[in-house]
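Breakdown of the fold
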Amino acid sequence: MKYIDEFNDPDLARRLLDEIHATVTRPWALMEVCGGQTHSIIRHGVDQLLPEQVELIHGPGCPVCVTPLDVIDKALEIAARPEVIFCSFGDMLRVPGTDRDLFRVKGEGGDVRVVYSPLDALDLARKNPDRQVVFFAIGFETTAPANAMAVHQARRLGLGNFTLLVSHVRVPPAIEAIMRAPQCRVQAFLAAGHVCSVMGTAEYPELADRHRVPVVVTGFEPLDILEGIRRAVRQLERGEHRVENAYPRAVREQGNPAALSMLEEVFEVTDRNWRGIGPIPASGWRLSETYRDYDAEHRFDVTGIRTEEPAVCRAGEVLQGLIKPTECEAFGRACTPRTPLGATMVSSEGACAAYYLYRRMTDGPAPRGSRIPREELNTVG
Ligand code: SF4
């Protein structure tokens, strides 16, 4: 608990806030990339303590939220097969597909299991040689190395009944796409510290230069976020656009070499569709040719999927920072964590869930129905 206490220290927070207030002379719009940072900001009211001129725009860094609908529908179809044990982190079970979710598939007899690591799924494959075990491998650069390691192990052990349904995404191409969007208002980024702890910071200087935008690698506790904001605002006021590491206790410039080499071994870069945002070139990973036998899309015939998003859901605009969740008509009414219309209301990193959990009584409509305990907003990992 020592570290948590230190990074919530109110005196230090006040000092950082004083410095931010003293530095700011005009309006600035900063995007925090990661949904974990969004939750921390909303939970601790960080945005409400900032000078009026500093706006925080919530970014697309919620892995559950950006997993495309066609991949969710493929997961539902695979999970419903009698020979399959379908394994996933908890958040994915409530993410709505076109006409159902994984909970519904489980209720209808599908063997859907919540696991805490891809290695749990690998273990299930070893213990159930007569079943096909599929792990739903979604997420950013943070979760990809463990998934790569699981499939690497499966190959080493000669497990022929283990596959991954892969929908990994990468942060730098998303930043590029955000900056290229005509409606973009972002002037600085708080980059996701955990992503950089894996990947390092080498991908960011070129982005910062090309778009003349400060990128500050930032952690997740309130003081981490205030320090990231302080550095970003200081650069903006000085007219600078550098990459700064404000999370040195976890991030090194070169990243994690072991994780990087596992990613290199197992995955290859591919174009990826982001739910609510659309296709982004080179923004994802898929299994490389060497590991194609471990690709669930290759193993199971899941072509011909027809998807349909609920018309009312504005998650795409939320994910691009174009609207706040409370500007969606369905927020807290038709859409709650118990009756989610979009993935951003399901995930523990989704912006809609953050506003529902911490702000719905002040910023948005009071929900109809009972209060949802925090623990029901499950964690994807
Ligand atoms: S509140 Fe619900 S319906 Fe509205 S954008 Fe968020 S997830 Fe979609």
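For clarity, every value in this text was computed on a predicted model and none was experimentally measured. Every chain is numbered independently, its residues counted from 1 as its sequence is written. At least 70 in pLDDT is required for a residue's local features to be given in this predicted model, at least 80 for side-chain atom pairs to be given and counted, and no such filter applies to totals for whole chains, interfaces and linings, which use all residues. With hydrogens and water set aside, each side-chain value is computed from the structure's full complement of heavy atoms.

Whenever Lys or Arg places a side-chain nitrogen within 4 Å of a carboxyl oxygen from Asp or Glu, that contact is recorded as a salt bridge. Enumeration according to the criterion identifies 31 salt bridges in this entry. Here Arg180 ties to Glu176 by a salt bridge, and the two come within 2.5 Å at their closest N and O atoms. Within this pair, Arg180 and its partner Glu176 are both found in helix H10 (residues 171-180), separated by four residues, close to a single helical turn. Relative accessible area decides the class of each residue, using a 1.4 Å probe on protein chains only: under 20% of the type maximum gives buried, over 50% gives exposed, and in between gives partly exposed. Classification of Arg180 by relative accessible area gives exposed; the value is 59%. The partner of Arg231 in a salt bridge is Glu244, and the shortest N-O contact between them spans 3.2 Å. On the criterion of sequence distance, the pair formed by Arg231 in helix H13 (residues 222-238) and Glu244 in strand E9 (residues 243-245) is long-range, its members being 13 residues apart. By the burial criterion, Arg231 is buried, and Glu244 matches it. Here the salt bridges do not stand alone but share partners, grouping Glu19, Glu227, Arg230, Arg231, Arg234, Glu240, Arg242 and Glu244 into one network. Helix and strand assignments follow DSSP, with helices taken as H or I runs no shorter than four residues and strands as E runs no shorter than two, numbered in order from the N terminus.

Once that is clear, we can look at the side chain of Arg231. On the accessibility criterion, Arg231 (19% relative accessible area) is buried. Contacts of Arg231, omitting those with residues within four sequence positions, involve Val216, Glu244, Asn245 and Ala246. Any two residues whose heavy atoms approach within 4.5 Å at even a single point are treated as in contact.

Another aspect to go through is the state of the cysteines. Put plainly, two cysteines are in a disulfide when a covalent bond ties their sulfur atoms together. Defined by distance alone, a disulfide is two cysteine sulfur atoms within 2.5 Å. For the coordinates displayed, the defined rule picks out one disulfide. Disulfide pairing is shown between Cys62 and Cys65; the S-S distance is 2.2 Å. Between Cys62 and Cys65 the disulfide shows an S-S torsion of about 70 degrees. By sign, it is right-handed. Lacking any disulfide linkage, Cys184 is separated from the closest cysteine sulfur, that of Cys34, by 19 Å. Cys184 gets classed as partly exposed once you look at its relative accessible area, which sits at 26%.

Within helix H17 (residues 351-358), seven of the eight residues are buried, which leaves it mostly tucked inside the rest of the structure. All of the buried residues along H17 are Ala351, Cys352, Ala353, Ala354, Tyr355, Tyr356 and Leu357. Buried residues in H17 make contact with helix H3 (35-44), strand E2 (54-61) and helix H16 (315-319).

It is worth spelling out the sheet that holds strand E7 (residues 188-192) at this point. Strand-to-strand pairing in sheets goes through backbone hydrogen bonds, with the strands running parallel or antiparallel. Across the sheet, which stays open at both edges, the five strands sit in the order E2-E1-E7-E8-E9 with parallel pairing between neighbours. Two strands in the sheet have a free side with no partner beyond their single neighbour: E2 and E9. Between one strand axis and the next, the sheet turns through 25 degrees on average, direction left out of account. As a rule, the C-alpha atoms of each element are fitted with a line to give its axis, helices using only the stretch in contact, and angles between N-to-C directions run from 0 to 180 degrees. Taken strand by strand, H3 contacts strand E1 (28-34), E2, E7 and strand E8 (215-218), and its axis lies near 120 degrees from that of E1. Paired strands are those between which DSSP finds at least two bridges.

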